[in-house]
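Residues per chain, in single letters:
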Amino acid sequence: MDRLTKAFPGAILLLLAAMLIFCGRGLSAALSADGAPVQSGWSAISWPFPVDAWPEGRAFHCGIEECGTEVSFYIRPKIGFCDCYRGVSDDDEIDRVGDLAVLSERYAPLAPGTTVSLGNNIQGRARHFAVYTSNRTRQFAIGIALSRKCDAIVATVVSDSPISGRAEDSAFRLLNSQEIKNWIEAIPQS
Amino acid sequence: MRLVGYNDLQGRSAYQPTIHRQGDRWFAYIGHHGGTDATPKPINPLNGQPEFNGTSIVDVTDVAHPRYVAHIPGQEGAYEQGGAQMVRVCDGSQLPHGDPNAVYMLRTFGGQAHEIWDVTKPAEPTLLVRLDGLRDTHKSWWECDTGIAFLVSGAPDWRTRRMTQVYDLSDPVHPVKIRDFGLPGQEPGATGFVPTELHGPISTGPQGNRVYFGYGTNKGGVLQIVDRDKLLNGPKEPTAENLRYPVVGQLEMLPLNGAHTTYPLGKMPVAEFSKEKLGSVRDFVMIVDEEILNECQEPRQMVWFADTTVESRPMIVSSYTAPEASGNFCERGGRFGAHSSNESMAPVFYRKLAFISFFNAGVRAVDIRDPYHPKEVGFFIPSVTEATDKRCVKVDGQDRCKVAIQTNNVETDERGYIYIVDRANTGLHILELTGAARAIAGLPPN
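These figures come from a predicted structure and were not determined experimentally.

Caption draft 1: Structural context of the nonpolar core. Met286 and Tyr419 of chain B are the most contacted members of the largest nonpolar core, which has 102 residues in total. Take this core: its biggest share by element is six residues, from strand β26 (residues 353-359) of chain B.

Caption draft 2: Quick look at the pairing of strand β3 (residues 71-78) of chain A. All names here are of chain A. With eight of eight residues buried, β3 is to be regarded as a mostly interior element. A two-sided burial pattern is seen for β3, the buried positions comprising Val71, Phe73, Ile75 and Pro77 on one face and Ser72, Tyr74, Arg76 and Lys78 on the other. Note that strand β2 (residues 58-62) and β3 share five bridges and pair antiparallel. Within the sheet, the bridge partner assigned to Arg58 lies in β3 and is Ile75.

Caption draft 3: Highlighting helix α6 (residues 165-175) of chain A. Of all the eleven residues making up α6 of chain A, eight are buried; the element is thus mostly covered by neighbouring parts of the structure. Among the residues of α6 of chain A, Ala167, Glu168, Ser170, Ala171, Phe172, Arg173, Leu174 and Leu175 of chain A are the ones counted as buried.

Caption draft 4: Spotlight on the pairing of strand β5 (residues 114-118) of chain A. All names here are of chain A. Note: β5 against strand β6 (residues 122-132), five bridges, orientation antiparallel. By the bridge assignment for β6, Thr115 is matched with Arg125. The hairpin formed by β5 and β6 contains three residues between the paired strands, and Gly119 there has a positive phi angle of roughly 80 degrees.

Caption draft 5: Representation of the interface of chain B and chain A within the structure. Each side of the interface is counted separately: chain B has 25 residues, and chain A has 22 residues. A breakdown of the residues in the side of chain B that touches chain A according to their chemical character gives seven nonpolar, eleven polar and seven charged.

Caption draft 6: Representation of unusual backbone geometry. All names here are of chain B. Even without glycine at this site, Gln10 takes up a positive phi of about 60 degrees. Of note, Gln10 is situated in the loop between β1 (2-7) and β2 (14-22). A positive phi angle, close to 55 degrees, is found at Asn209, a residue other than glycine. Within the secondary structure, Asn209 sits in the loop between α1 (205-208) and β18 (210-215).

Rules used in this analysis
Counting restarts for each chain: residues are numbered from 1 in the order of the written sequence. Ligands are numbered from 1 and chains lettered from A, in the order in which they are written. Side-chain atom pairs in this predicted model are given and counted only at pLDDT of 80 or more, local residue features only at pLDDT of at least 70, and totals for whole chains, interfaces and linings cover all residues. A set of buried Ala, Val, Leu, Ile, Met, Phe, Trp, Tyr and Cys residues, joined through C-beta atoms within 7 Å, is what we mean by a nonpolar core. Every C-beta atom is placed from the backbone, and the number of other C-beta atoms within 10 Å of a residue's own sets its class: buried at 20 or more, exposed at 12 or fewer, partly exposed in between. Secondary structure follows DSSP: runs of H or I at least 4 residues long count as helices, runs of E at least 2 residues long count as strands, and numbering of each begins at the N terminus. The rule for pairing is simple: two strands pair if DSSP sees at least two bridges between them. Remark: residues whose backbone-derived C-beta atoms lie within 7 Å of one another are considered to be in contact. Residues are grouped as follows: Ala, Val, Leu, Ile, Met, Phe, Trp, Tyr, Cys and Pro are nonpolar; Asp, Glu, Lys and Arg are charged; every other residue, Gly included, is polar.

Here's what the structure looks like:
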């Protein structure tokens, strides 16, 4: 069972299944209607980080009302940076290809990672981290690293507070939204 | 530059060529990437069998008529997921404990292993040793006079896909591991940020006592200058402190560029500085980045010259790129930008001319006699053939493909020939210089 499936509480899964049957529409379409916000509760924001080795990606923010805590979501490609043979197959690989360094070079895992998949071709892992910033404050983050052949797609969920199950579920629904999938599909490949 | 010979390399995507003299004959050993989705196992006409891309051995004694003598299959997998892209060759007579009558080939086997083959009879290669269990491999270096090998590996317990495993291969049949090496933070047990992965080293051997490591392929480039003796004989436990111990200097490049090849030029007099009482002779390293995306979808990857006279404070002093507008290369399809340089230090070209593979801009001959002012003096762009593979980009979510030359790697031999190989399956082109460029090398007019 992958991370996305585990993240959904059973009642929500049943509700979504009923919606799918009733509406005859795919999950992602139900979550990302034309012209609507990418994902309920999430607003697109400017990429907040200074220029580094990798191209800018997309950034989103979710407030307390919708996610239970202030939480941000960042995603971008790292083309040619993935293990062509194994993809993101273990937690060390999250450290290596993930994007936590945009927050700080000092971070430590809080728990073992879990598998994540976006369809059959894009798979990887996610893991909770504590991130220690230069002003000695601690942030909480989920590092997500996905592989598509030799390319990595990396996402970071970050909050000043511990990331609640509600916020985490919402972040993974955003990751799995059709808009993000379309955006990933358009990314150049090595 | 002028074409003198050609071989199609059985339509296989090619990476590293290594040219080696064996007796009175010359052979090109050419490592391959994996096959394509359409043709994962091209036919080897020598035996009629479909074979995963591996290593080609071509007799180039007569450069006008290269003769394909053997293909050694590599790891299953397409593109960078298979093949056997890297290859080096040493004579047993030069290796301290080799069979003096033998010739040995060190190659990668995809990302899984390093292999040593007996290629004394190039048409009948025999596997001797396999160093297995790796996560990845890449552009290794082998000192033929000492047998010390700097193997680009993915040790399973390290935090990076590619680091260095130093081996004593002076007796190729009995490899002896010396140590693991990498940037601090890559070692087992470290936490937090993982520094950029290794691409490849070049050693100057015990005489020069330096190993130049290039980290980062097209991003976050690092040139690391390492004391070879301290690396081989210093404390070997992979701690951050021990990894720093042999490091003499380090240059962190602009994060938009990588370090694919770090080619030491050594000490060179700079004519413009000839009247200076200090600093008229400088030490240089040429750094070549690798472009990895098609049709200019990333920052230009090119060539940088680092003045390493003061090794603890290396500094980039000049650069070279093939001019895009000269061929509208961003629109031609495939990659445009630098990939690699020749690595031979044979006198014919060393410190005079460098040859840079530039993907769809072919190979570029650069006058490097004054590294503060490198200057292009020649180029050659092969023609596409029926075997040339397409290269695609996404446009509105759909693949838009073009067929273009992708000159991938380049090497030279002591005779003054230049060998370029194509990533898009076009084969091997053997070139020679003409005109003023030829005169720079001191070669007789052709």
